[in-house]
Amino acid sequence: MKRPLVYYGNPLLRKKSVKVEKINDEIKTLVKDMIETMDANNGVGLAAIQVGEPWRVIVIRPEIENESGKIMLGEPEVYINPVLSNPSSETNIFSEGCLSIPGIHREVERPKSIHVEAMDLEGNKISEDFEGFKAVEIMHENDHLNGVLFVDRLSKENRKKIEPYLKEIKKKYNK
Ligand code: CO
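Now for a description of the structure that goes with this document.

The rules behind these values
Residues numbered from 1 in each chain as written. Predicted model: local features only at pLDDT ≥ 70, side-chain atom pairs only at ≥ 80, totals over all residues. Heavy atoms only, no water. Helix = DSSP H or I, 4+ residues; strand = E, 2+ residues; numbered from the N terminus. Rg over C-alpha atoms; globule rule 2.2 N^0.38 Å. Buried < 20%, exposed > 50% of the residue type's maximum accessible area, 1.4 Å probe, protein only. Contact = heavy atoms within 4.5 Å. Lys, Arg positive; Asp, Glu negative; His and termini not counted. Charge placed at Lys NZ, Arg CZ, Asp CG, Glu CD. Pairing = 2+ DSSP bridges. Axes fitted to C-alpha atoms, helices over the stretch in contact; angles between N-to-C directions. Donors = N, O, S within 2.8 Å, 3.2 Å for Na, K, Ca; no water.

With respect to the overall build of the protein chain
Part 1 of the reasoning: For the protein chain, the count of helices and strands is three helices and nine strands.
Part 2 of the reasoning: The helix and strand sequence of the protein chain, counted from the amino end, reads α-β-β-β-β-β-β-β-β-β-α-α.
Part 3 of the reasoning: Taking 16 Å as the expected radius of gyration for a compact globule of 175 residues, we find that the protein chain reaches 16 Å, a close match to that expectation.
Part 4 of the reasoning: Taking the principal axes of the C-alpha coordinates as reference, the protein chain spans close to 45 × 35 × 30 Å.
Part 5 of the reasoning: The burial tally for the protein chain puts 44% of its 175 residues in the buried class.
Part 6 of the reasoning: Counting contacts in the protein chain only where the partners sit at least 6 residues apart, residues at least 24 apart contribute 63% of the total.
Part 7 of the reasoning: Counting 27 positive and 29 negative side-chain charges, the protein chain places the averaged centre of each group 10 Å from the other.

Quick look at the structure:
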């Protein structure tokens, strides 16, 4: 079931999410609903807090290359209690957006690669190095678990430029 999104200006987006102790039916339903909500909104990633749930749970659809070299979206992936480490000193700049901040896309600089430890929905351990857009996705969503938004990572000057748009979103989506 698709769930309503939480938008910029809602204090929930500034909360630190809590660790999942047990992958029970509540978490399984949450993950299913998060994937439906992400897809229904044409997103490529979602954190649980974006549907108002305080758990450290992320879903993403990674970009994959098919046999003919075409870039497309892969099957949804689930990361529970992700821990990111070993960011590369080399950085990349990608244009980012966020389902909780509709209509705003800005370039954000982040480490080019990062190591991710997490659990999947079956409780299996994930230990993987991410790079390219997938690294961006996991870092963007992991930020949500810590109450951080991509607009926080813009330069002071660029943040100031979008402040009026952020104010509009805050008013429009938090009635
Ligand atoms: Co986001």
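A word on the sheet that holds strand S8 (residues 113-119)
Part 1 of the reasoning: The five strands lie next to each other as S1-S2-S5-S8-S9, forming an open sheet whose pairing is antiparallel. With partners counted over all chains shown, the strands left at the sheet margins are strand S1 (45-47) and strand S9 (125-131), one partner each. Averaged over all pairs of adjacent strands, the angle between strand axes in this sheet comes to 40°, irrespective of strand direction.
Part 2 of the reasoning: Across the face of the sheet, helix H1 (residues 25-40) comes into contact with S1, strand S2 (57-60) and strand S5 (77-85) while running at roughly 35° to S2.
Part 3 of the reasoning: Packed on one face of the sheet, helix H2 (residues 132-145) meets S1, S2, S5, S8 and S9 and runs near 150° to S2.

Re the coordination of the cobalt ion
Ideal geometry at a metal centre: 109.5 degrees between donors when four sit tetrahedrally, and 90 or 180 degrees when six sit octahedrally.
Part 1 of the reasoning: All of the protein donors around the cobalt ion are Cys98 (SG), His140 (NE2) and His144 (NE2); their distances to the metal are 2.1 to 2.3 Å.
Part 2 of the reasoning: Counting along the primary sequence, the residues that act as donors to the cobalt ion give the motif C-x41-H-x3-H. Placement of Cys98 in strand S6 (residues 91-98) and of His140 in helix H2 is noted, with a sequence separation of 42 residues between them.
Part 3 of the reasoning: On the accessibility criterion, His140 (6% relative accessible area) is buried.

Examining the environment of Pro4
Part 1 of the reasoning: Of note, Pro4 is situated in the segment before H1.
Part 2 of the reasoning: For Pro4 and Thr37, which are 33 residues apart along the polypeptide, the C-alpha to C-alpha distance reads 7.8 Å.
Part 3 of the reasoning: Non-local contacts of Pro4, meaning those with residues more than four positions away in its chain, are made with Gln50 and Val51.

Concerning the pairing of S8
Part 1 of the reasoning: When S5 meets S8, the two strands line up antiparallel, connected through four bridges. Residue Ser85 lies in a different strand from S8, and its bridge partner there is His115.
Part 2 of the reasoning: Strand direction decides the pairing type here: S8 and S9, joined by seven bridges, are antiparallel. Across the sheet, the residue bridging to Val116 is Glu128, located in S9.

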